[in-house]
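Next come the chains, spelled out residue by residue.
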Amino acid sequence: MMDRNKLEELRELVDFLKANGIAEFDMEQDDLKVRIKFAGEPAAALAGGFDMAHLSRLMASAPAATPATAPSPSAAAELAAEMEEKLHEVKSPIVGTFYESPSPGAPPFVKIGDHVEVGQVLCIVEAMKLMNEIESDVAGEVVKRIASSGQPVEYGQPLFAIRAR
C-alpha cells in the first residue's frame, strides 16, 4: 500500500498542477507511473508563470518506487476506493461566470468545511448581467470548491463537492 508521505507528495503535485493551470501531466519513475488529467477547460498556454524548478524538486523528492514498495493491485483498488469517496456534486445549471462571494472583497458564501442546508446559497453564476444564486440541493459538508471565482463555467460543470449527511 502507498504510504502517507507518498500520498502527501502526490497531493502536493496535484495542487501545484492546478495552481499553474496544467490540464494534463505524465510521470514515469522506475516502477511508478502517474498520469493526471483534469476535466474541464484545457489549460491556457503559460508564458513564464510555470515554475519548472519547483516541479523538478517535487519529482526529485518523490521516492522512487521499487518492486517491494510498489502498491499491489488490491492496495491500489483500496486507495482508489478511499480517494473516490461518494461526494455529491453541485453543478452549474447555466453557462456563465462563477463568483464565490456576493461582491468583490466580500467573504465567500461558503468555505470548505462549512455545513450547508438544502436551499442555502453556495455561489453566484452571472449570465447576461443577471446574478443567479446557486443553491445547495443537499445538506452536508462542503468538501471542495471546484470552480474558481471569475472563471467561466459551462452548463452541467461541477462547482462544489459536498459530503451529504
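Residues numbered from 1 in each chain as written. Predicted model: local features only at pLDDT ≥ 70, side-chain atom pairs only at ≥ 80, totals over all residues. Heavy atoms only, no water.

> Can you help me understand the side chain of Glu-126 in this one?
Following the sequence through the fold, Glu-126 ends up in strand β6 (residues 121-127). Within polar-contact distance, the side chain of Glu-126 engages the side chain of Tyr-99 at 3.4 Å. In this structure Glu-126 touches Val-95, Gly-96, Thr-97, Tyr-99 and Met-131, once residues within four positions along its chain are discounted. (Helix = DSSP H or I, 4+ residues; strand = E, 2+ residues; numbered from the N terminus. Polar contact = N/O pair within 3.5 Å; in protein donor to acceptor, adjacent residues only side chain to side chain. Contact = heavy atoms within 4.5 Å.)

> Would you mind showing me how to read the nonpolar core here?
Generally speaking, soluble globular proteins have nonpolar side chains that are buried together. Phe-98, Leu-122, Leu-159 and Phe-160 are the most contacted members of the largest nonpolar core, which totals 15 residues. Going through the elements one at a time, β6 and β10 (158-164) are the ones with two or more residues in this core. Counting residues in each nonpolar core, the second largest holds 8 residues, with Phe-16, Phe-25, Val-34 and Ile-36 among its members. (Core = buried A, V, L, I, M, F, W, Y, C linked by side-chain atoms within 4.5 Å. Buried < 20%, exposed > 50% of the residue type's maximum accessible area, 1.4 Å probe, protein only.)

> Explanation requested: the sheet that holds strand β9 (residues 152-153) in the structure shown.
Paired through their backbone hydrogen bonds, the strands of a sheet run either parallel or antiparallel. The 4 strands lie next to each other as β7-β6-β4-β9, forming an open sheet whose pairing is antiparallel. Each edge of the open sheet carries a strand with a single partner, namely β7 (130-135) and β9. Inspection of the sheet shows strand β4 (residues 96-99) paired to β6 by 3 bridges, in the antiparallel sense. Paired with Tyr-99 across the strands is Ile-124, a residue of β6. (Pairing = 2+ DSSP bridges.)

> How should I be thinking about the sheet that holds strand β5 (residues 115-116) in this particular structure?
Strand order in the open sheet formed by 4 strands is β3-β10-β8-β5, with antiparallel pairing between adjacent strands. This sheet does not close on itself; its edge strands, each paired only once, are β3 (88-91) and β5.

> Can you help me understand the pattern of salt bridges in this one?
Oppositely charged side chains are able to pair whenever their charged atoms sit close together. Following the criterion strictly, the structure yields 3 salt bridges and no others. Among the ionic pairs, Glu-100 bridges to Arg-145, the shortest N-O distance being 2.5 Å. Of the two residues, Glu-100 sits in the loop between β4 and β5 while Arg-145 sits in strand β8 (residues 140-145), which places them 45 residues apart along the sequence. Taking relative accessible area as the criterion, Arg-145 reaches 35% and is therefore assigned partly exposed. Of the charged contacts, one joins Arg-165 and Glu-117 as a salt bridge, the two residues approaching to 2.4 Å between their closest N and O atoms. (Salt bridge = Lys/Arg side-chain N within 4 Å of Asp/Glu carboxyl O.)

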